[in-house]
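# A look at the structure
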Amino acid sequence: MYSQYIFGINLENCCMKKNLVIVGNGMVGHHFVQQAIKEKLSEHYHIHVFSEEAVPAYDRVQLSSYFKHFDLAQLNLVDLEQYQQEKIMLHQNDLVTSIDRENKIINTQNTQLAYEILVLATGSYPFVPPIPGHQHENCFVYRTISDLDAITQSAKKSKVGVVVGGGLLGLEAANALMNLGLETHVVEFAPQLMGIQLDVDGGSLLRKKIESLGVHVHTSKNTKNISAGDQHTLKIEFADDSQLETDIIVFSAGIRPQDQLAKVSQLDLGERGGIVIDNACKTSDENIFAIGECALWDQRIFGLVAPGYTMASVAASQIAGNLEKTFDGADMSTKLKLLGVEVGSIGDAHARTDKSLAYTYMNPREQVYKKIVTSSDGKKLLGAVLVGDTSDYNNLLQFYLNDMPLPAEPECLILPSMDGAPSLGIHALPDTAQICSCYSVSKSDISQAVNNGAHTISDIKKCTNASTGCGGCAQLVKDVVNHELTQLGIAVNNNLCEHFSYTRQELYHLIRVNEFKNFTDVITQLGDGTVGCHICKPAIGSILSSCWNEYVLKDELAGLQETNDFFLGNIQKDGTYSVVPRIAGGEITPEKLMVLGETAKEFNLYTKITGGQRVDLFGARLEHLPHIWKKLIDAGFETGHAYAKSLRTVKSCVGSTWCRYGVDDSVGLAINLEHRYKGLRAPHKLKLGVSGCTRECAEAQSKDVGVIATENGWNLYVCGNGGMRPRHADLFATDLDEETLIKYIDRFFMFYTRTADKLQRTSVWMEKMEGGIEYLREVIIQDSLGIAQQLEDEMQIVIQNYQCEWKTTIENSDKLKRFNHFINSSKGDDNIVFVQERDQIRPANINEKQTIKYQEVN
Amino acid sequence: MIERICKLNDITINTGVVALYNEKQVAIFRVSDTEIYAIDNFDPFSHANILSRGIIGQDQGQLFVASPLYKQRFNLQSGQCLDDEDVKINAYETKIIDQEIYIDA
Ligand SMILES: Cc1cc2nc3c(=O)[nH]c(=O)nc-3n(C[C@H](O)[C@H](O)[C@H](O)COP(=O)(O)OP(=O)(O)OC[C@H]3O[C@@H](n4cnc5c(N)ncnc54)[C@H](O)[C@@H]3O)c2cc1C
Ligand code: HEM
Ligand code: SF4
Ligand code: FES
């Protein structure tokens, strides 16, 4: 497909353009190409890329996700059309075998090519210890797509799998073996897991946690021999004479730089391998650069992708003539979730720095371990280890990267919810603070971009690349942009969307005072009078519901609803829906439980208990929803609103009725609260919890509203959150009787519904509120704005107008029509296909769909 | 091939339905009494047949539907994806005759 370009290039060769040749099309080699395009290097050079692999660069970092989808396209990084447009020649399946440095020519398996500048991005390969027997066909490594394909094939015939190596990648491989359904063992030579990133205590907690997930961990084991087994394919013998039988082995004993090509070409290598480079990423030959995992800088190999990306952009700048940009090392801090366990490591995790001080916090009940390492005077953060809870990671990382002075008692940074633990605001970050580590974008890069006129997140993404990698920095980038805009005196535009020049708060107020009841009135009187869009429609729909709580599928309201509200179920990835009836307070009779079971069986639904103490039924086809709900409603169930931004559940512990510690009836209160607030549509979902004593078994402090019984009444907590940004709720008021408690919650919910931004949880709403929790107390308890009565009245309207939307819907034959998949046929969607897993259905993936045909069931 | 699909009033204003047209799933949207649009129901991003269930919107004069799964927007007239230049799905001609909707493609 590139022949026309070969022709084109040959022609242009007469015009004396020289070749820039890149060896390796891995993640870093590909990133270099992107940087070369940005630096307009193709105006001066013909760019050639040689790759040993048969497929263009793919996202190795996400490699394990391949086990979920088996779809190479989802990992692909290269846009071949872009390579074509930019006249970049990609030679796939062509190994570069040697470099003739004197004549500046490379030799490959298929050809020869002269170069002006050569960039080596050959990456690394997995190290396999030379144990006798390691070449057995059931021994694998974990690095490429073909490795994963081979493991998957072999796993089908296997029961037991062993990973040799208990580092970061080894544990990722163990996770994969678990997911493939194998009994999984991890064998580690050292006495602990993840020895590079964690200290002894962190390592042993991690071990405990992953053992409780069913992974067998063997530390201090020196593998001596691999031979044929008795019960299983293979037998591993250790130096201490113990043995382990297994069907497959995955080696993950570290990586080695791929420096073979450099070696035969006599470039300088490190003692233990790696192509030596200087700060300009140049090797010992000034026409040859090396970047990524094959490069050795200051005696170090960087086994992460971000430092490789930095090297790539340094090399591209150097080649473009910008000699000021250099590589000065990289931070190797990491935060990840391994087998579901959160782990974080920053800087000097082992406290190896002379005279450093280590502060540790260990919570054996919640299985959390945290350590910070500071300088001898306690003023600078040198390192940290976090296991079981990494919510402090970002905060600590900013202290560490920016050398910021620590508070007088540094331990407050890791102790749980102590008042006064400083969380860094944007203004506190120095200009050099790294905001996006994937593309190493600093705070000053972003402020410059803002100053140069990039005022929206998408502009910032385009001109700095920030937030286009893993996306983990998105919130931080947004906060920096808003901070800079405010600095510039530019009003931060919080308008709902391009159709309205009001914020959500303003619209809420205007809709209420003008008593608007449908979208047409709102957009003609308050907006631009158009059709609106997918942002303003659901937001206005939610406000209308918060104010008037009318049936959401009324003709004028139906088109405003997200598909979840529209079909009164949560859409799943394959277009089926989930069915979640309300089980107030988590209390259910055996009879009703049996109805759930029977219904699930009749309609072949996947059944799962949720974190909110109720039962989800998944895989319901659109056309079955009304039949399923008819059955449930006849048995006395009502909708659980799992599909709506509204009250979800009130979780409760069993409380004083049964529990020997309980001091009040937590279940009774939870049921009251759930029935009181069900159907309240709000800017985002709302969750509550009620515990019967301070032991807090209902985890109420992680909810928007939490209630805990004491000897003297109820304690009220607000603005907690679980999920991606966990936050402990703040204690708001103590020792309340039930009537006062309910008053406060009424006012709290309505004030939130009035003033929060769209899709803003209570925790973020409160954090952004000037005056914070104190101000909230003034408004809700002291009634400083004089609106308490109004708020209670508004809540009363919502409560009075409650209806079970499913009940209304199944009684209305007109509304039922839309649950047929086709308007002009009674067939179903033949793209919905299930396979069996652990005795239940799950959606088939793309590969499976090709082999299984859809069957019509009635 | 012209084919009758349904009555105009079978579709609530501002929402969509799915029609089986020539063995294919086609999403049909009613924006007003005179504006009916038809595009593929298959969402190339999620590989699910769900575009009819998206929200209709307008961006600088272009009418679009936003996929209910991952929110990519598709122009209702041309099928062009507004969030990815490289993706375009089929659009179909529609007609309203005597309060009945037809696809004519
Ligand atoms: C399972 C897994 C998970 C990971 N997770 C993370 C993570 O969460 N975070 C993180 O930062 N990093 C992670 N990494 C590491 C990350 O993938 C690497 O840092 C990154 O891929 C290095 O890129 P590279 O381009 O230097 O090397 P590679 O991606 O290995 O690319 C080198 C390419 O050069 C080719 N090549 C080599 N020699 C020649 C030759 N002579 N001629 C032609 N072609 C040649 C090779 O075939 C290869 O395609 C992970 C790695 C794995 C395996
Ligand atoms: C290029 C390699 C990567 C680097 C350098 C990197 C770096 C980071 C950093 C520094 C953060 C914290 C920033 C913040 O939350 O504000 C972060 C967060 C995050 N990263 Fe990555 N990451 C990488 C790869 C990945 C991958 C492969 C995934 C997904 C599989 C991922 C998912 C996340 C998520 C979900 C968060 C947010 C966590 C939270 O909000 O608590 N990252 N990343
Ligand atoms: S919170 Fe208290 S009352 Fe409730 S179950 Fe736990 S110990 Fe018992
Ligand atoms: S940190 Fe990954 S995209 Fe910014």
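Look a little higher up for the structure.
Here is a short report on the structure shown in this document.

Conventions and cut-offs
- Residues numbered from 1 in each chain as written.
- Chains lettered and ligands numbered in written order.
- Predicted model: local features only at pLDDT ≥ 70, side-chain atom pairs only at ≥ 80, totals over all residues.
- Heavy atoms only, no water.
- Near = heavy atom within 4 Å.
- Polar contact = N/O pair within 3.5 Å; in protein donor to acceptor, adjacent residues only side chain to side chain.
- Areas by Shrake-Rupley, 256 points an atom, 1.4 Å probe, with all protein chains shown as cover.
- Helix = DSSP H or I, 4+ residues; strand = E, 2+ residues; numbered from the N terminus.
- Nonpolar A, V, L, I, M, F, W, Y, C, P; charged D, E, K, R; others polar.
- Domains from an automatic or database assignment.
- Phe/Tyr/Trp six-rings, centres within 6.5 Å; stacked < 30°, edge-to-face > 60°.
- Buried < 20%, exposed > 50% of the residue type's maximum accessible area, 1.4 Å probe, protein only.
- Lys NZ or Arg CZ within 6 Å of the ring centre and 35° of its normal.
- Core = buried A, V, L, I, M, F, W, Y, C linked by side-chain atoms within 4.5 Å.
- Contact = heavy atoms within 4.5 Å.

### Digging into the site of ligand 1
All names here are of chain A. By nearness alone, 29 residues border ligand 1, and Val-28, Glu-53, Arg-143, Glu-293 and Val-305 come closest of all. Contact distances for ligand 1 include 2.8 Å between an oxygen atom and a side-chain N or O atom of Glu-53. Contacts to ligand 1 include Val-96, whose backbone N or O atom sits 3.0 Å from a nitrogen atom. Protein chains shield 91% of the accessible area of ligand 1, which is 1000 Å² for the free molecule. Among the elements that make up the shell around ligand 1, the one with the highest residue count is helix H2 (residues 27-38) (three residues). Considering only residue class, the shell around ligand 1 consists of twelve nonpolar, ten polar and seven charged. Residue contributions to the shell around ligand 1 reach at least three from each of two domains, namely domain 1 (5-125 + 257-320) and domain 2 (139-253).

### Here we look at the packing of aromatic side chains
Enumeration over the complete set of coordinates arrives at 20 aromatic pairs over all chains. Geometrically, the ring pair formed by Tyr-752 of chain A and Trp-765 of chain A is edge-to-face, given 5.3 Å between the ring centres and 70° between the ring planes. Remark: Trp-765 of chain A occurs in helix H23 (residues 762-768) and Tyr-752 of chain A occurs in helix H22 (residues 738-755); sequence separation between them is 13 residues. Judged by relative accessible area, Tyr-752 of chain A falls into the buried class, the value being 0%. Ring geometry for Tyr-21 of chain B against Tyr-92 of chain B: centres 6.1 Å apart, planes inclined by 70°, an arrangement best described as edge-to-face. Highlighted residues: Tyr-21 of chain B in strand E2 (residues 15-21) and Tyr-92 of chain B in strand E10 (residues 91-92), separated in sequence by 71 residues. Classification of Tyr-21 of chain B as buried rests on a relative accessible area of 4%. Connected via pairs of aromatic rings, a cluster forms that spans Phe-566, Phe-567, Tyr-577, Trp-629, Trp-806 and Phe-819 of chain A. When the ring centre of Trp-548 of chain A is taken as origin, the NZ or CZ atom of Arg-512 of chain A, which lies over that ring, is 5.7 Å away. The ring of Tyr-661 of chain A carries the charged tip of Arg-695 of chain A above its face, separated from the ring centre by 3.8 Å.

### A closer look at the nonpolar core
Residue and element names in this part refer to chain A. Judged by nonpolar contacts, the single largest core of 65 residues is most densely connected at Phe-500, Leu-673, Val-707, Leu-716, Phe-749, Trp-765 and Leu-776. For this core, the element with the most residues is H22, which contributes nine residues. If you count residues domain by domain, this core takes at least three from each of domain 4 (504-561) and domain 5 (646-803). Discounting chain neighbours no more than four positions away, the residues touching Leu-673 are Val-650, Leu-688, Val-690, Val-707, Ile-742 and Ile-745. If you look at the next biggest cluster of nonpolar residues, it comprises 50 residues, including Leu-41, Leu-118, Leu-120 and Ala-121.

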